[in-house]
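# Fold and contact review
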Amino acid sequence: MDLDRVDEIIDNHRGEASSVIQVMLDIQTEMSWLPREALTRVNERLGVPLSRVRHIATFYKAFSLVPKGRHQVHVCLGTACHVRGAPRVLDTVEELIGLKPGETDLDLKFSLETVNCLGCCALGPVIEIDGKTHGNVSTGKTEDVLSGYE
Amino acid sequence: MTPLRTPEELAAYRQRLADDRPADRPCVSICAGAGCLASGAGEVIAAFETELAARGLEADVDTRGTGCPGFCQRGPVVVLHPEGTCYLQVKPEDVPEIVTSSIQGGQVVTRLLYEDPVTGERAVHENDIPFYRHQERTLLEHNIRIDSRSIDDYLAIGGYSALEKALFDMGPEEVLEEVKKSNIRGRGGAGFPAGRKWEGSRNAKDEPRYVIVNADEGDPGAFMDRALLEGNPHSILEGLIIGGYTIGAREGYVYVRQEYPLAVTNVTLAIRQAEEYGLLGEDILGSGFDFRVMVHKGAGAFVCGESTALMTSLEGRVGEPRPKYVRSNVKGLWGKPTVLNNVETWANVPLIVNRGADWFTGIGTEGSTGTKIFSLVGKIVNTGLVEVPMGMPLKDIIYEIGGGIPGGKKFKAVQTGGPSGGCLPEELLHLEVGFDELTEAGSMMGSGGMIVMDEDNCMVDVARYFIDFLTEESCGKCVPCREGLRQMHRILSNICEGKGREGDIETLEDLSEVAMEASLCALGKSAPNPFLSTLRYFRDEYEAHITEKRCPALSCKALVSYYIDPDKCRGCLICMKKCPSQGIEGVRKQIHVIDQEKCDACGVCFEVCPSRYDAVVKISGEPVPDPLPEEERMIVKVAGDE
Amino acid sequence: MSDLRMRIDGREVTATEGMSVLEAARGAGISIPTLCYHEALEPHGGCRLCIVELDFGDWTQLVVSCVYPARADLVVRTRSEKIDRLRRTILELLLAHAPDSEPLRELAEEYGADRNRFEQEASFCIHCGLCVRYCAEVKKKDAIGFIDRGIRKEIAFLPEIAARECEDCKECFPLCPTSYLQAAWVLLDAQAFGA
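Residues numbered from 1 in each chain as written. Chains lettered and ligands numbered in written order. Predicted model: local features only at pLDDT ≥ 70, side-chain atom pairs only at ≥ 80, totals over all residues. Heavy atoms only, no water.

Before going further, it helps to spend a moment on the packing of aromatic side chains. All chains considered together, the criterion is met by 19 aromatic pairs over all chains. Pairing B:Tyr13 with B:Tyr277 gives two aromatic rings, centres 5.5 Å apart and planes at 80°, and the pair type is edge-to-face. With a gap of 264 residues between them, B:Tyr13 in helix H1 (residues 7-20) and B:Tyr277 in the loop between helix H12 (261-276) and strand E9 (292-298) connect regions that are remote in the sequence. When sorted by exposure, B:Tyr13 lands in the same class as B:Tyr277, which is buried. Clustering of aromatic rings is evident, with ring pairs tying together B:Phe71, B:Tyr114, B:Phe131 and B:Tyr132. The side chain of B:Arg355 reaches across the aromatic face of B:Trp359, ending 4.7 Å from its centre. The cationic tip of C:Lys153 hangs over the ring face of C:Phe146; the distance from NZ or CZ to the ring centre is 4.2 Å. (Phe/Tyr/Trp six-rings, centres within 6.5 Å; stacked < 30°, edge-to-face > 60°. Helix = DSSP H or I, 4+ residues; strand = E, 2+ residues; numbered from the N terminus. Buried < 20%, exposed > 50% of the residue type's maximum accessible area, 1.4 Å probe, protein only. Lys NZ or Arg CZ within 6 Å of the ring centre and 35° of its normal.)

What follows is the structure in structure tokens.
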């Protein structure tokens, strides 16, 4: 845990209490989760009560209190994808990688999340893996999309 | 860049830009919006750069990754300037031919032009394509013309001239009058008149005052704000600065969701550029007006699109709404007068200032002036962003611009207004889209999502989907929303799973009343809309689910069954191999049978069965026919089979 | 501070500037049910039971009285068929969490709420937030807070602070309208400090 880096992030936001969410987002982006020591540091440096830091960390969807897998699988459940069959695609993904949304497997290979709209509605249903968008995914095609990630 | 200190310096700089870039200079514009990037626009841009460099043309022809022009369905979209030739679904391998034929040879590559699906006619320019022809694109038209990361591009098309006009020719009172006269209503949801909101803040005694861009676009299936932020961030910034000037604010915020990383990057860059140019910061263009803008990233909570929750979030707290008995334009961020408007509202401000309120009210209807961008998605031929004058009938948007329903399917409903909007049936397709018209019909304008559904979509499932979404996104502060939606979701799920009971509809109606009347914020108050509107127009579907355990759209998984029609199955093994539950018995050249015990109705067999056989049948509310006895499953060879 | 005159349930009531409608009513001895209100705390507006109707002559408006500011000449109704119906459903929703809570049962009786209308929920916290707000606003300890949101929202102690502060305080316990808070404490005590 690099607490110096956390301090730098806090300094970048001039240590203002109102920037607590921005600070936590930067930590999340950098470390892909929010380690406990980092949150304690945020609490100490910004003077924001730990209870509030913890509520923020669990209220907003961007934050994770556990480490994430090497490959982030995002299944879009936006309305356009939904009406084009995304729930069935999600079922198939869950079956294939053995995870429910919000879960990460033990060897930290995949993390599965659902998202509300990726803005690529023309391509729905859409799965995004590590930032790469796979469009027009049907249940039959899901396996092909997921293969090739190690 | 030394900051521009006077309007004259700005004018001189703008002139220099014009001299440097003659109108006839060749330029390749490639949409680099999210949809086109997902379809491979990044590779197309790279291919153009490589190809032009290889032919020594890079000094004469510009390549520009631009914002989204809206036609996501046919992306990546490429437009060649100055001719305005529009190529669709361009692939990297098409690039050498485009350079040779069009850029060097002045010829059109016909196969890449839009082809009318009915007449087969080709369209050379954007405006010849029906998708664009019926639109009125005052906001989106610039997206394909500018590199969104270049303030010079924005200045070259007249950017920041409205700010200059506001600061030096008009003054705050006149700007306010113009905005009020334009009668522009908020594009984010409630449709509150922006001018009145501004006036309330300007007249509030308290200081400091704040202006905020609400770019926490969270409606699933809506991405118009994203397109504007990514494609033309300076237009929003210019609107915001004018707003700040008008109400007497010195600080503004852009609250943008972090799920839009490109939007965050582009708007942050735009702010830095505007500061460098002296268009933001102290004493803007020598006017004496100081203004600065901060970016705040939203951390993923739909409820933060609600104004008080957004402000709470800006203050560094969880985004729980506050009671609104004193309006936020009087008591908002940090308890101070705050004007919060949506991205699209702010983007309209420079147009209103430049072209005048009369021009603006000349577009649209009396109650709903101007244009509105809709994101037209779902079961529609042309998915994309469409900007139309308010008052255009739904059917024109869906059929003339959207090209109708794909696959010969029948239209069932269009859902407008985001998760807490409503579903409108076929008999309301004549409805003219406007704030009041949509509300009267039980839906709303919202931020402009328009999701088209066909006969395969179950309206109970759609209601369940939205209530599920809102339950997930409820902040949990007040009981009617948190507990009411929890129960509504449970009942709707039960109905979709065939566990609906007599009295469920009445309970849902009771819960709807409590949510609408007693919830703390707009999320809860409008949450029952998806249920109420589908009940109003599709009550028979609810009743079929509850009393007959039948899903008329053959959509609800728990209520559908699949079987293989023995007369059609050719024993090809495809469905058997693809079935994730190993639920299909069969050997080559024998009729396959679905084991109903193992089947979890995923529908893969239905999807993969070759269309020439079409042997998998989907049913609901009726018993599955008994399978053939094993000894009768051998397929007798039919003449013509391979 | 100037005096404001308003009418509540047909009675002339005097309030002071800065008061809420609820406080004005209570000051005049008019009872409005609440579950998340406490005079020592900032109003929360979460349970919505204190909903009342304002009569403006031509139109009426439902507002939540604990957060609605008292104003001169307001005409307030604290009971009506509609208000009672809303309160009844709210109570039924809460009874799904805490069917045995004494204050809830009393109100259920008054409003005819059916404690079995909705399927029972696992947690008997009704999210009034009294414990959380009391600990933050009065005790300034922040030893307990909310986590998560929506239907997954819960109260939770912060073990490191609770270990230090709570044993001798426990002032929040009697505030809890259900007995959930004690249960949460017992659990924490067992896990963290070894009962």
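Continuing now.
Domain annotation for chain B reports domain 1 (13-142), domain 2 (159-361), domain 3 (371-457), domain 4 (460-548) and domain 5 (557-632). Placing the centre of domain 1 of chain B and that of domain 5 of chain B at their C-alpha centroids yields a distance of 47 Å. (Domains from an automatic or database assignment.)

A few words now on the sheet that holds strand E1 (residues 71-76) of chain A. Pairing between the strands of a sheet is mediated by backbone hydrogen bonds and can be parallel or antiparallel. All names here are of chain A. Read from one edge of the open sheet, 4 strands run E2-E1-E3-E4, paired in mixed fashion. One side of each edge strand has no neighbouring strand; the edge strands of this open sheet are strand E2 (110-115) and strand E4 (132-134). Each strand of the sheet is rotated relative to its neighbour by a mean of 20°, with strand direction disregarded. Looking at chain direction, E1 and E2 are connected through 6 bridges and run parallel. By the bridge assignment, His-71 is partnered in E2 with Phe-110. Each of E1, E2 and strand E3 (127-129) is contacted by helix H6 (residues 86-97), which is oriented at about 165° to E2, the strand it contacts most. (Pairing = 2+ DSSP bridges. Axes fitted to C-alpha atoms, helices over the stretch in contact; angles between N-to-C directions. Contact = heavy atoms within 4.5 Å.)

Mapping B:Pro480 onto the fold places it in helix H19 (residues 479-496). Exposure remark for B:Pro480: the relative accessible area of 0% places this residue in the buried category. Taking the C-alpha atoms as reference, B:Pro480 lies 57 Å from B:Glu49; in sequence the two are 431 residues apart. Other than its neighbours up to four places away in sequence, B:Pro480 contacts B:Leu485, B:Val514, B:Ala515, B:Ala518, B:Ser519, C:Arg48 and C:Ile90.

Turning next to the sheet that holds strand E7 (residues 210-215) of chain B. Residue and element names in this part refer to chain B. An order of E9-E8-E7-E10 is seen for the 4 strands of this open sheet, with the pairing classed as parallel. With one partner strand each, in any of the chains shown, E9 and strand E10 (338-342) form the two edges of the open sheet. Sheet twist, expressed as the mean angle between neighbouring strand axes with direction ignored, is 20°. Bridge analysis of E7 against E10 gives 5 bridges, and the strand direction is parallel. Each bridged residue has a counterpart across the sheet, and for Asn-214 the counterpart in E10 is Asn-342. On top of the sheet, helix H11 (residues 233-247) reaches E7, strand E8 (251-257), E9 and E10; it is set at about 150° to E7, its chief contact. The strands that H12 touches are E8 and E9; relative to E9, the one it contacts most, it runs at about 170°.

With respect to the helices and strands, the residue A:Asn116 is situated in the loop between E2 and E3. Under the relative-accessibility criterion, A:Asn116 is labelled buried at 18%. At 3.3 Å, the side chain of A:Asn116 forms a polar contact with the side chain of B:Glu473. When neighbours within four sequence positions are excluded, A:Asn116 is seen to be in contact with A:Cys76, A:Leu77, A:Gly78, A:Thr79, B:Pro220, B:Gly221, B:Phe469 and B:Glu473. (Polar contact = N/O pair within 3.5 Å; in protein donor to acceptor, adjacent residues only side chain to side chain.)

Each partner contributes to the interface: chain B provides 59 residues, whereas chain A provides 36 residues. When residues of chain B are sorted by the area they lose upon contact with chain A, B:Ala299, B:Val318 and B:Tyr465 head the list and together hold 15% of the total. Connecting chain B to chain A are 27 residue pairs in polar contact (both at pLDDT 80 or more). Listing elements by their share of the side of chain B that touches chain A, those giving two or more residues are helix H2 (34-38), E9, helix H13 (307-314), strand E11 (371-378), strand E15 (449-454), helix H18 (459-473) and helix H24 (604-608) of chain B. It is H18(B) that contributes the most residues to the side of chain B that touches chain A, 6 residues altogether. Grouping the amino acids of the side of chain B that touches chain A by side-chain chemistry returns 28 nonpolar, 16 polar and 15 charged. (Buried area = accessible area lost by both parts, 1.4 Å probe. Nonpolar A, V, L, I, M, F, W, Y, C, P; charged D, E, K, R; others polar.)

Right, let's get into unusual backbone geometry. Residues and elements named next belong to chain B. Backbone torsion omega between Gly-75 and Pro-76 reads -10°, so that peptide bond is classified as cis. Locating Pro-76 in the fold gives a position in the loop between strand E2 (62-66) and strand E3 (78-81). Here the bond from Glu-207 into Pro-208 is cis, since omega is -10°, no more than 30 degrees from zero. With phi around 50°, Leu-285 is a residue other than glycine that occupies positive phi space. Relative to the helices and strands, Leu-285 resides in the loop between H12 and E9.

Another aspect to go through is the domain arrangement of chain C. All names here are of chain C. For chain C, the assigned domains are domain 1 (3-79), domain 2 (81-121) and domain 3 (130-192). The C-alpha centroid of domain 3 is placed 30 Å from the C-alpha centroid of domain 1. Listed by partner, the interface residues are 9 residues for domain 1 and 7 residues for domain 3. Buried surface at the junction of domain 1 and domain 3, summed over both partners, amounts to about 680 Å²; 64% is from carbon and sulfur atoms. For the domain 1 face of the interface with domain 3, the top three residues by lost area are Leu-35, His-38 and Leu-41, together amounting to 60%. Our count for the domain 1 to domain 3 interface comes out at 0 salt bridges. Looking at the side of domain 1 that touches domain 3 residue by residue, the classes come out as 6 nonpolar, 2 polar and 1 charged. (Salt bridge = Lys/Arg side-chain N within 4 Å of Asp/Glu carboxyl O.)

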